[in-house]
Amino acid sequence: MDEVDGVGGVDGVDRYAAAATGWATGASRVYGPLAAALVAAAPHPLEGRRVLDAGAGTGLASAALRAVGAHPVALDRSPAMLGWDAAARPPAVAGALEAVPLRDGCVDDTVAAFVLNHVDDPTAALRELARVTRPGGAVLASLPAATSSHRAVRNRIDAVVVDAGWVPPDWHAHLTTVQAPQLGDVAAAGRAARDAGLHVLAVTEHVADVGVERAEDLVDYRLGQAHVAAWLEGMSDAERAALRAAAVDAVRPVMAPYRPPVITLVARVP
Ligand SMILES: C[S@@+](CC[C@H](N)C(=O)[O-])C[C@H]1O[C@@H](n2cnc3c(N)ncnc32)[C@H](O)[C@@H]1O
């Protein structure tokens, strides 16, 4: 297996180096509501508590945490994602879930929104999150469920970008075929949390209403994701606008409200 270098991530490459703008302005249409839902799943009020936002990205869960009066600390292996709107963000630490650069029990609670699906060993990552969270604190995680029924619609968008010359990066194939499926169902997520020494309070799968009903919003979400963002960055504004318009045209005939199935883990540190 590749080495983890702590900041750049596995093999030292920042997959999200060019993704911050797309994430914050596009993918956030879906991940923003999902981050708020994860924070709302906390088993106790988070107001006044120091909460680690693990895999914080551009800070969607941090914002949701602040909205309920918590004091987030952001952790991400991508300095570029942490750099988005940094002046308005909470304190941040560049580092990996595989070896969180924080002391034992130094945060009250931890949230991990859509990041455990990016690691090779999610049980080890959960153990790290449990280690840095003080006893009695909550560990909350969200994950994409394997049961997604939206592939056909998303594939239309992907077909447009493939036609325009996009080649899926190898890391994304590893993410979708190896990493994400490890925790793609309720049983697997619960087992990983228990193996990490956590007391599982609830693991659920539900279809989330994120309010994305227009083809334009679905396309902006999809084109804002990291696996296409770096490629889009290399385009002119006019080329990007033409691609977006083609993707919207491809999706509109089959567009239905986007309701991704999500696994939510609610656990406590013993
Ligand atoms: C899908 S994004 C989710 C971002 C944010 N939590 C949200 O919900 O909008 C995944 C984030 O996790 C980060 N990440 C991926 N693997 C990581 C790891 N092993 N350690 C720390 N961060 C990681 C990426 O850099 C990226 O910012």
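The rules we used
Residues numbered from 1 in each chain as written. Predicted model: local features only at pLDDT ≥ 70, side-chain atom pairs only at ≥ 80, totals over all residues. Heavy atoms only, no water. Phe/Tyr/Trp six-rings, centres within 6.5 Å; stacked < 30°, edge-to-face > 60°. Helix = DSSP H or I, 4+ residues; strand = E, 2+ residues; numbered from the N terminus. Buried < 20%, exposed > 50% of the residue type's maximum accessible area, 1.4 Å probe, protein only. Core = buried A, V, L, I, M, F, W, Y, C linked by side-chain atoms within 4.5 Å. Contact = heavy atoms within 4.5 Å. Pairing = 2+ DSSP bridges. Axes fitted to C-alpha atoms, helices over the stretch in contact; angles between N-to-C directions. Right-handed = clockwise from strand over helix to strand, strands pointing away. Near = heavy atom within 4 Å. Polar contact = N/O pair within 3.5 Å; in protein donor to acceptor, adjacent residues only side chain to side chain. Areas by Shrake-Rupley, 256 points an atom, 1.4 Å probe, with all protein chains shown as cover. Salt bridge = Lys/Arg side-chain N within 4 Å of Asp/Glu carboxyl O.

S.K.: Could you clarify how one ought to interpret the packing of aromatic side chains in this entry?
M.R.: What describes a pair of aromatic rings is the distance from one ring centre to the other and the angle between the planes of the rings. In total, this model carries six aromatic pairs according to the counting rule given. Ring centres 5.2 Å apart and planes at 80 degrees place the aromatic pair Tyr 31 and Phe 114 in the edge-to-face group. With Tyr 31 in helix 1 (residues 20–40) and Phe 114 in the loop between strand 4 (109–113) and helix 4 (122–132), the pair connects residues that are 83 residues apart, well separated along the chain. For the pair shown, Tyr 31 and Phe 114 are each scored as buried.

S.K.: Mind showing me how you'd approach the nonpolar core here?
M.R.: The biggest cluster of nonpolar side chains holds 53 residues, and the ones touching the most others in it are Val 30, Leu 218 and Val 251. Here this core takes nine residues from helix 1, the largest share from any one element. Ignoring sequence-local partners within four residues, the contact set of Val 251 consists of Val 153, Arg 156, Ile 157, Ala 215, Leu 218 and Val 219. Counting residues in each nonpolar core, the second largest holds 32 residues, with Leu 102, Val 115, Ala 130 and Val 132 among its members.

S.K.: Which parts of the structure should I look at to understand the sheet that holds strand 2 (residues 71–76)?
M.R.: In sheet architecture, strand pairing relies on hydrogen bonds along the backbone and comes in two forms, parallel and antiparallel. Strand order across the open sheet formed by seven strands is 3-2-1-4-5-7-6, with mixed pairing between neighbours. Every interior strand has two partners, whereas the edge strands, strand 3 (92–94) and strand 6 (199–207), have only one. When strand polarity is set aside, the average angle formed by the axes of neighbouring strands in this sheet is 15 degrees. Sheet topology places strand 5 (residues 138–144) next to strand 7 (residues 261–268); seven bridges connect them, and they run antiparallel. Bridge assignment links Leu 143 to a residue of strand 7, and that residue is Ile 263. Sheet contacts for helix 1: strand 4, strand 5 and strand 7; angle to strand 5, the most-contacted strand, approximately 145 degrees.

S.K.: Help me out: how do you make sense of the pairing of strand 1 (residues 50–54) in this one?
M.R.: For a regular strand, the rule is simple: side chains alternate between the two faces of the sheet. With respect to burial, strand 1 is a largely interior element, four of its five residues being buried. In this sheet, strand 2 lies alongside strand 1 in parallel orientation, the contact comprising five bridges. From the neighbouring strand, Asp 53 faces strand 2, where its bridge partner is Ala 74. The β-α-β motif built from strand 1, the intervening helix 2 (residues 60–67) and the parallel element strand 2 has right-handed crossover chirality.

S.K.: In this structure, what is going on with the site of the ligand? I would like to understand it.
M.R.: Taken together, 20 residues are adjacent to the ligand, and Gly 55, Asp 76, Leu 97, Glu 98 and Ala 113 come closest. Trp 23 is positioned with one of its side-chain polar atoms (N or O) 2.9 Å from an oxygen atom of the ligand. Here Leu 97 contributes a backbone N or O atom positioned 2.9 Å from a nitrogen atom of the ligand. Out of a free accessible area of 600 Å², the ligand has 99% covered by protein chains.

S.K.: Quick question: what am I supposed to make of the pattern of salt bridges here?
M.R.: Side-chain pairs of opposite charge can arise whenever the charged atoms involved come near each other. Applying the stated criterion to the full structure yields 14 salt bridges. Between Asp 220 and Arg 29 there is a salt bridge; the shortest N-O distance is 3.5 Å. In this pair, Asp 220 sits in helix 8 (residues 215–223) while Arg 29 sits in helix 1, placing the two residues 191 residues apart along the sequence. We classify Asp 220 as buried; its relative accessible area is 15%. Residue class for Arg 29 comes out partly exposed when judged on its relative accessible area of 28%. It is possible to trace a salt-bridge network through shared partners that takes in Arg 29, Arg 214, Asp 217, Asp 220 and Arg 244.

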